[in-house]
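# Fold and geometry: a report
Each chain, written out:
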Amino acid sequence: MSYVRIGAALYMAMALQGSRAAELGAYELTAQIDLRAVAVDSPYKSFTEGGLGLLRFDEAHDDLRLGRAMLNARGPLSETLWADATVSATGDHSTHAADLTEASLEWRPYPRNALRLRTQAGAFYPPISLENRSVGWQSPYSLTPSAINTWIGEEIRTIGVQQSVTLIGPAIDKPFDISLVAGVFGYNDPMGVLIFQRGWAVHDRQTTLFDGLPRPFTSPSGDTHIEFFREIDNRPGYYAGAEFRYRAQHLLRAMHYDNRGDPSKNDGKDSAWRSRFDAIGWRTELADTTLIAQAMLGDTAVGASADGRGRFILEYWSYFILASQRTGAHRFTARYDRMYTDTERGATFFDSAQTATAWTAAYLWDVGAHWQVAVEAVKIQGSLRQRAVLNQPAAADERLLQLAIRLSL
Amino acid sequence: MFFESRARWLSVQWMAALCAAMIAPAQGADLIVEVIDPQGRGAADVVIVVMPETLPPRSNATATIDQIRKAFVPQISVIRTGTAVIFPNGDPIAHQVYSFSPAKRFDLPLYRGRPYPPVVFDQAGIVILGCNIHDQMIGYVYVTESPHFGKTDSHGRLTIRDLPMERVRVKAWNPHLSSQPPEQTVDMRSTNARLSFRLEQLPRAPRKTTDPRIRDY
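Residues numbered from 1 in each chain as written. Chains lettered and ligands numbered in written order. Predicted model: local features only at pLDDT ≥ 70, side-chain atom pairs only at ≥ 80, totals over all residues. Heavy atoms only, no water.

All names here are of chain B. The three strands lie next to each other as 3-7-10, forming an open sheet whose pairing is mixed. This sheet does not close on itself; its edge strands, each paired only once, are strand 3 (62–64) and strand 10 (119–121). With direction set aside, neighbouring strand axes in the sheet form an average angle of 35 degrees. (Pairing = 2+ DSSP bridges. Helix = DSSP H or I, 4+ residues; strand = E, 2+ residues; numbered from the N terminus. Axes fitted to C-alpha atoms, helices over the stretch in contact; angles between N-to-C directions.)

Set out below in structure tokens:
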């Protein structure tokens, strides 16, 4: 089944190369096919198979896999109105063979003074990750992003409007830029369910807009499939953040995020989860050396309660530090992730708790302009208490070694 | 990329020198300028402008500022007022060059496969270039009334040839300095005219990553 999809995606990529030669004006079209040889050493079934393993693949689903088939189109509808869409396929249990991960319009007026305004509407990632900055929200530093950015790729998308304003430093003879950003969104009420049931994970599978994931634990309504991008309580969420960029080399970003879910609301399929967090990140780029650190601290709540805060409350935090060195066409990256969740309320009914670390080492080699070869090792160590409910060991190491061959056109 | 940009810049300089030689016959007065940073090393890419007492008439000069790997090349240009600047866009992607600097306001979309008319910089001043698609692209154009100018080389040196035999004012400028060195005057009638500028701080140009895979979210 997956081989048929891989073949179809490869054909799609080949067909695109032909059309790319045509005059496309300002349009940019990127097609990428990512094939993996994967070896997993883990006692757990992957969460993609409905298990409580934190990797995307498991021992029953390794060998040759499709990493991702991706198509991104970006271009101006008018001089200052840009459209951007990404279609993705992962060749696993997706309901659709290929589906959108992002689709948005952005109004980019020419600055008339030192303030740059940007308005974006549609479905897109809020500006939190300092790691996922390549086409299709991929990380240029490794195959697998950090736990924080894995979770954003799984459960979070802005389906709404975002406004940013940037003070352009060089225009006022200053070596820094300052940006403020705010967003209002809906259709993200189930956000929180996965981190509550499974904890943090470390993988590169982005949830598409019209798809979801198997539930590790069946919901009280008997539902077995999580759909993340749904509106349940008719209450919009918001985020507000700031960014400080010094000499285009050092960047500090902070954001407060709140989906303002009403934990007492349930539409039969799912509950609205109240998920809030603060995120802070720092990135330094000194020519070919990149250092990134990000941290996130928040909570999520679900279920009716007398005080309205929720019957279950899960606190979670994570941070990572990453170092990456580029030498010509070669890139070497090392990253350390720390993950933690704990049930603050309702633990007598469902005790969700995770404490884990992950090490990632990646080597990426750009072979010409279109091909990339990457080797990556991930090792996750730690415990997840809810595994014991399913008579699995709470703590065990999970290891992944993968070789990727990527063709981008 | 560095050598490429230097080569392009040098060709612009050669053309400018050639034009200057054709318009005004050689007057023989050369000025050697050096710019020294606080660590005693030569400071590269410092714009040097020599202001004569009387300005010769404007010529129809042209210059080129390319767009290569999401950067303006050269990042710092110095041109005379009235110069027509061509933005060829050497990238396989689109750019939208703009400036809101008082000396020259313009918007110039540069889509692939289409030539765009040059932009004439007709007012003296510092023009900061941006790209509306790639927010981190920044370029600087120093527009001067004088025909005598250049940029220091990697050793911090520059020779400006064929200056009038008179007292001239000399300015040094670099966008990566928070305070510019004071203007100096030099009498070109004295033999071996030399001038040096001592910077109080290091010009700190950002060294950007050149990974083509980074688009930025």
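From this point, the narrative continues.
A word on the packing of aromatic side chains. Residues and elements named next belong to chain A. Per the counting criterion, the structure on display carries 27 aromatic pairs over all chains. Taken together, a centroid distance of 5.7 Å and an interplanar angle of 75 degrees make the contact between Trp151 and Trp200 edge-to-face. Linking Trp151 in helix 2 (residues 147–155) with Trp200 in the loop between helix 3 (193–197) and strand 8 (212–214), this pair joins segments that are 49 residues apart in sequence. According to the relative accessible area criterion, Trp151 is buried, its value standing at 1%. The exposure class of Trp200 is buried, given its relative accessible area of 0%. Between the aromatic rings of Phe196 and Phe312, the centroid separation amounts to 5.8 Å while the plane-to-plane angle is 55 degrees, which identifies the pairing as tilted. Taken together, the positions of Phe196 in helix 3 and Phe312 in strand 14 (residues 312–327) put the pair 116 residues apart, joining distant regions of the chain. Here Phe312 falls in the buried class, since its relative accessible area comes to 13%. (Phe/Tyr/Trp six-rings, centres within 6.5 Å; stacked < 30°, edge-to-face > 60°. Buried < 20%, exposed > 50% of the residue type's maximum accessible area, 1.4 Å probe, protein only.)

Residues and elements named next belong to chain B. Per-residue pLDDT for chain B averages 86, and the proportion of residues at 70 or more is 85%. Low confidence marks residues 1–7, where pLDDT is under 50. Its contacts with residues over four positions away, or in another chain, come to seven contacts. Our summary of model confidence lists the complex with pTM equal to 0.87 and ipTM equal to 0.82. (pLDDT = per-residue confidence, 0-100. Contact = heavy atoms within 4.5 Å.)

Take the sheet that holds strand 13 (residues 148–151) of chain B next. All names here are of chain B. Reading across the sheet, the four strands line up as 13-2-15-16 and stay open at both edges, with antiparallel pairing between neighbours. Unpaired on one side and paired on the other, strand 13 and strand 16 (184–187) mark the two borders of the sheet. When the angles between neighbouring strand axes are averaged without regard to direction, this sheet yields 25 degrees. Note that strand 15 (residues 167–173) and strand 16 share four bridges and pair antiparallel. Across the sheet, residue Arg169 finds its bridge partner in strand 16, namely Thr185.

Ranked by size, the top nonpolar core spans 59 residues in total, and within it Trp151(A), Trp200(A), Tyr257(A), Phe277(A), Met296(A) and Ile380(A) carry the most contacts. Broken down by element, this core gets its largest block of residues, five residues, from strand 14 of chain A. Those residues in contact with Trp151(A), other than ones at most four positions away along the chain, are Ile156(A), Met191(A), Ile195(A), Trp200(A), Phe277(A), Met296(A) and Tyr316(A). Core analysis: the next-biggest nonpolar cluster, separate from the first, contains 24 residues, Ala26(A), Ala103(B), Ile133(B) and Met137(B) among them. (Core = buried A, V, L, I, M, F, W, Y, C linked by side-chain atoms within 4.5 Å.)

Now for the pairing of strand 15 of chain B. Alignment of strand 2 (residues 47–51) of chain B against strand 15 of chain B, held across five bridges, turns out to be antiparallel. Residue pairing for strand 15 of chain B: Val47(B) is matched across the bridge by Trp173(B).

This part takes up the environment of Gly199(A). Residues and elements named next belong to chain A. Following the sequence through the fold, Gly199 ends up in the loop between helix 3 and strand 8. By relative accessible area, which is 0% here, Gly199 ends up buried. For the pair Gly199 and Val135, spaced 64 residues apart in sequence, the C-alpha to C-alpha distance is 27 Å. In contact with Gly199, not counting residues within four places along its chain, are Leu194, Thr341, Gln354, Leu384 and Gln386.

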